[in-house]
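Fold and contact review
The lines below spell out each chain.
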Amino acid sequence: MLAVVTGGSKGIGEAICRQLANDGYTVVVNYNSSGLQAERIANEIGGYSYHADISNLEEVKSMIDYTIQNFGNIDLLVNNAGISVVGLFHEISQVDVKKILDINLNGVFNCTSEVVKHMISKKSGNIINISSMWGEVGGSCEVHYSATKSAIIGFTKALAKEVGLSGIRVNCVSPGVIDTSMNEHLTEDDINSLKEEIPLYRLGTPQDVANVVSFLASERASYITAQDIAVNGGIC
Ligand code: NAP
């Protein structure tokens, strides 16, 4: 079984790569800027690292061509790579608006369109998208981020309807506050007040998310498609 995980070089993506390797997948660890980390992870899990900025369609095409040429098939695509932009809505620069749309939304379109055509011809496949609780309920000072993540939930549900007959499942996982570098801007006070709002009274770990991806990727989830599964400690 072959899985491509975008943004596998750290955080949630790294945990997903490691879990999928434990589950028996050969994993292509996609990265953009963290090449050494991706290479180390790939070596440790017996996988392969591959550079592609997911916002660049040509780079995505090269990654998927490489994967198909070397492994013949892609069983699972995990669209994990993403960035956040924090600030008041009207103060976010146009450069940052373009960047977040290009990565969080167009990046997912690029990877999925290149992979799904192979899955359609094989009449099987599994696509798991990483959205966010902010995509479900909206996050103040992360309006553009929330918009891209809401779009990923809509994308998941629509694509699932389109490709179900081709034997392809499409689901989405929406993490709450997970302890990764994406949240390194939070102060200890921020984290403590967030914990007060989380019924399970802790931040999530990357492994919490990887566990659900592992389940959705497995045959145990064979009748689950078009779903958005929250992994958020009960916060919303
Ligand atoms: P992270 O630690 O900042 O990691 C982000 C990953 O995305 C890195 O591996 C990075 O790769 C990759 N990436 C960024 N831009 C890319 C590009 N243009 N092309 C390819 N890869 C790119 O973040 P994280 O917390 O693990 O987040 C992973 C996913 O979970 C994101 O989609 C995020 O929105 C979502 N999420 C996170 C949280 C949270 O609280 N942490 C909550 C909800 C949802 P390089 O370092 O190689 O560039």
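What you are looking at is a predicted structure, and each value in this text was computed from that prediction instead of being measured. (Residues numbered from 1 in each chain as written. Predicted model: local features only at pLDDT ≥ 70, side-chain atom pairs only at ≥ 80, totals over all residues. Heavy atoms only, no water.)

1. Quick notes on the state of the cysteines
This structure, assessed with the given rule, holds 0 disulfides. With no disulfide of its own, Cys 17 lies closest to Cys 111 among cysteine sulfurs, the gap being 13 Å. (Disulfide = S-S within 2.5 Å.)

2. Considerations on the nonpolar core
With 31 residues, the main nonpolar core has Ile 74 and Ile 127 as its most contacted residues. For this core, the secondary structure elements donating two or more residues are β1 (2-5), α3 (57-71), α4 (94-122), α6 (143-163) and β6 (168-175). Counting residues per element, this core draws most heavily on α4, which supplies 7 residues. Among all residues touching Ile 74, those that are not within four sequence positions of it are Leu 2, Val 4, Ile 64, Thr 67, Ile 68, Val 115 and Met 119. Counting 30 residues, the second-largest nonpolar core is a separate cluster that includes Tyr 25, Val 27, Ile 41 and Val 209. (Core = buried A, V, L, I, M, F, W, Y, C linked by side-chain atoms within 4.5 Å. Buried < 20%, exposed > 50% of the residue type's maximum accessible area, 1.4 Å probe, protein only. Helix = DSSP H or I, 4+ residues; strand = E, 2+ residues; numbered from the N terminus. Contact = heavy atoms within 4.5 Å.)

3. A short note on helix α8 (residues 206-217)
Given a rise of 1.5 Å per residue, 12 residues ought to cover 16 Å, and the 16 Å separating the end C-alpha atoms of α8 matches this to within 8%. Among all positions of α8, only Pro 206, Val 209, Ala 210, Val 212, Val 213, Ser 214, Leu 216 and Ala 217 are buried. In this structure, the buried residues of α8 make contact with α1 (11-22), β4 (76-79), β5 (125-130), β6 and β7 (228-231). (Expected span 1.5 Å × (residues − 1).)

In short, the description is geometric, and any link to function would need to be established separately.
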